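Summary of the model geometry
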Amino acid sequence: MLTETMTAALNAQINKELRAFYTYLSMAAYFEDDGLKGFAAWMRHHAEEEMLHAMKIYDFVLQRRGRVTLQAIDAPRASWESAKNAFEDALHHEQNVTASIHALVDTARKEGDHATETFLIWFVNEQVEEEEIVDEVLQKVTRIGDFAPALFLLDRDLATDAAAAATSAEGTSEGA
Ligand code: OFO
């Protein structure tokens, strides 16, 4: 059974994950509009991952006989100055999520909730990976700057990455 404090903190995290879903989906729409379909596919795949994160916490709260209470999701930003600016924003967003996951672990420890603390380890590790992949693309777009041919090559690579990630996610859910 979850404590009230832990339940409130987990519900707040569900909202943050849904906010991340919204943000990445908005970035996907921005890149679609900009004609960068590979960037758009990458962002869309990432948005879907955020929804899975939200649902993972949602299911955990229910499993522990807690009450899921959904809160309003703030409207995300709709446009960015450049691909670089969008990825800077994405990295900043991931760093905030990392901080809030760490704060959740602290709460679980204070509450003496070992099950939640153990559950959150997956998210702690996931954030290391999330920051790394966003930062990897950010470094590339930073080096590319305004050089359109390189941007289109990266767009093609990101389309391939997004398709491979979607296939592997399908394989995982089929195997589950
Ligand atoms: Fe990209 O962050 Fe969720 O957890």
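Right above here is the structure, for reference.
What comes next concerns the included structure. (Residues numbered from 1 in each chain as written. Predicted model: local features only at pLDDT ≥ 70, side-chain atom pairs only at ≥ 80, totals over all residues. Heavy atoms only, no water.)

**So, the side chain of Ser100**
For Ser100, the location among the structural elements is in helix α3 (residues 83–110). If we skip the residues at most four places from it in the chain, Ser100 touches Gln13 and Lys16. (Helix = DSSP H or I, 4+ residues; strand = E, 2+ residues; numbered from the N terminus. Contact = heavy atoms within 4.5 Å.)

**Observations concerning the environment of Ala99**
Mapped onto the secondary structure, Ala99 falls in helix α3. Judged by relative accessible area, Ala99 falls into the partly exposed class, the value being 47%. Separated by 23 residues in the primary sequence, Ala99 and Trp122 have C-alpha atoms spaced 15 Å apart. (Buried < 20%, exposed > 50% of the residue type's maximum accessible area, 1.4 Å probe, protein only.)

**Structural notes on the packing of helix α2 (residues 37–63) against helix α4 (residues 114–144)**
In contact at an axis separation of 12 Å, α2 and α4 are set at 170° when each is read in the N-to-C sense. Classified by the interaxial angle, the pair formed by α2 and α4 is roughly antiparallel. In this structure, α2 contributes Phe39, Trp42, His46, Glu49, Glu50, His53, Lys56, Ile57 and Phe60 to the contact, and α4 contributes Ala115, Thr116, Phe119, Trp122, Phe123, Glu126, Glu130, Ile133, Val134, Val137 and Val141. The class makeup of the residues in the contact of α2 with α4 is twelve nonpolar, three polar and five charged. (Axes fitted to C-alpha atoms, helices over the stretch in contact; angles between N-to-C directions. Parallel < 35°, antiparallel > 145°, perpendicular 65-115°, else oblique. Nonpolar A, V, L, I, M, F, W, Y, C, P; charged D, E, K, R; others polar.)

**Section: the packing of α2 against α3**
Across the interface, α2 lies against α3 with an axial gap of 13 Å and an inter-helix angle of 15°. Classified by the angle their axes make, α2 and α3 are roughly parallel. For the pair α2 and α3, the sense of crossing is left-handed. Across the interface between the two elements, Phe39, Trp42, Met43, His46 and Glu50 of α2 pack against Ala83, Phe87 and Glu94 of α3. In terms of residue class, the contact of α2 with α3 is built from five nonpolar, one polar and two charged. (Left-handed = near helix turned anticlockwise from the far one by under 90°.)

**Topic: a negative patch on the surface**
There is a patch of like negative charges on the surface, built from Glu129, Glu132, Glu136, Asp157 and Asp161. Sorting the residues of the negative patch by element identifies α4 and α5 (148–175) as the ones contributing at least two each. It is α4 that provides the largest number of residues to the negative patch, a total of three residues. Note that Asp157 resides in helix α5. (Patch = residues over 30% accessible without salt bridge, like charges linked within 9 Å, V, L, I, M, F, W, Y side chains within 5 Å. Areas by Shrake-Rupley, 256 points an atom, 1.4 Å probe, with all protein chains shown as cover. Salt bridge = Lys/Arg side-chain N within 4 Å of Asp/Glu carboxyl O. Lys, Arg positive; Asp, Glu negative; His and termini not counted. Charge placed at Lys NZ, Arg CZ, Asp CG, Glu CD.)

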